[in-house]
Amino acid sequence: MGEQHGLTGLVAAGRTGALLGLANVRTFARPSTGSVGLYLDDLFTGPAARRAGVGTALLRAVADLAAQRGASVVRWITAADNAHARALYDELATRTPWVTYDMAPGRG
């Protein structure tokens, strides 16, 4: 997809060049604040690289990218039962009270 669709991909590579993890982000409008944010669509660390700081490095790179682009926030969702990832997220970000809903197209 790439930049033509507003998507930026970041990767974490090991010393040998092996892919360890990835993050995909896109810009979203925040009309009520007159700003833009970055939305983290995907954050993935390969099983062999988990708990080695890859997720932290990717999230920090996303935060740096947001600052470079003048974004006011980096936002994402995760599953309630994703305990390992949520422990990391709780260290680096603020959990919000919002509840997410999905609606099928054509319903309403």
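To start, this report covers the structure provided alongside it.

The rules we used
- Residues numbered from 1 in each chain as written.
- Predicted model: local features only at pLDDT ≥ 70, side-chain atom pairs only at ≥ 80, totals over all residues.
- Heavy atoms only, no water.
- Core = buried A, V, L, I, M, F, W, Y, C linked by side-chain atoms within 4.5 Å.
- Buried < 20%, exposed > 50% of the residue type's maximum accessible area, 1.4 Å probe, protein only.
- Helix = DSSP H or I, 4+ residues; strand = E, 2+ residues; numbered from the N terminus.
- Phe/Tyr/Trp six-rings, centres within 6.5 Å; stacked < 30°, edge-to-face > 60°.
- Pairing = 2+ DSSP bridges.
- Contact = heavy atoms within 4.5 Å.
- Axes fitted to C-alpha atoms, helices over the stretch in contact; angles between N-to-C directions.
- 1 Å grid on protein atoms, 1.4 Å probe; cavity = no way out; pocket = protein on both sides within 12 Å on 5 of 7 lines; lining within 4 Å.
- Points joined across faces, edges and corners; volume = space filled by probe spheres on them.
- Nonpolar A, V, L, I, M, F, W, Y, C, P; charged D, E, K, R; others polar.

**Some thoughts on the nonpolar core**
Note that soluble globular proteins tend to have their nonpolar side chains buried in a common cluster. Among the nonpolar cores identified, the biggest contains 16 residues, and V25, L38 and L40 are the most heavily contacted of them. When contributions to this core are tallied by element, the ones reaching two or more residues are β2 (19–30), β3 (35–45), α1 (54–68) and α2 (83–92). Element by element, the count of residues in this core is highest for α1, at six residues.

**A closer look at the packing of aromatic side chains**
Tallying each qualifying case throughout the model produces two aromatic pairs. Here the aromatic rings of F28 and Y39 are separated by 6.3 Å at their centres, their planes lie at 80°, and the arrangement is edge-to-face. Remark: Y39 occurs in strand β3 and F28 occurs in strand β2; sequence separation between them is eleven residues. Of the residues examined, F28 reaches a relative accessible area of 17% and is grouped as buried. By relative accessible area, Y39 is classed as buried at 16%. When the centroid spacing of 5.2 Å and the interplanar angle of 75° are considered together, the rings of W76 and Y89 count as edge-to-face. Of the two residues, W76 sits in the loop between β4 (74–75) and α2 while Y89 sits in helix α2, which places them 13 residues apart along the sequence.

**Describing the sheet that holds β3**
One open sheet accounts for four strands, arranged β1-β2-β3-β4; its pairing is mixed. With partners counted over all chains shown, the strands left at the sheet margins are β1 (7–13) and β4, one partner each. Sheet topology places β2 next to β3; ten bridges connect them, and they run antiparallel. Its bridge partner lying in β3, R30 is registered against S35. The strands touched by α1 within the sheet are β1, β2, β3 and β4, with β3 carrying the most contacts at an inclination of about 160°.

**Looking at the side chain of T45**
Along the chain, T45 turns up in strand β3. We classify T45 as buried; its relative accessible area is 12%. Among all residues touching T45, those that are not within four sequence positions of it are L20, G21, R50, V54 and G55.

**So, the layout of surface pockets**
Within this model, the largest pocket holds a volume of roughly 900 Å³. Lining of the largest pocket is provided by 24 residues; of these, W76, I77, T94, R95 and T96 occupy positions nearest its centre. Elements with a minimum of two residues in the lining of the largest pocket: α1, β4 and α2. Of the residues belonging to the lining of the largest pocket, the class tally is 15 nonpolar, four polar and five charged. One number sums up the size of the second largest pocket: a volume of about 480 Å³. Lining the second largest pocket are 16 residues, with T45, R50, R51, H84 and A85 sitting closest to its centre. Looking at the lining of the second largest pocket, the elements with two or more residues in it are β3, α1 and α2. The element contributing the most residues to the lining of the second largest pocket is α2, with four residues. Split by residue class, the lining of the second largest pocket holds eight nonpolar, six polar and two charged.

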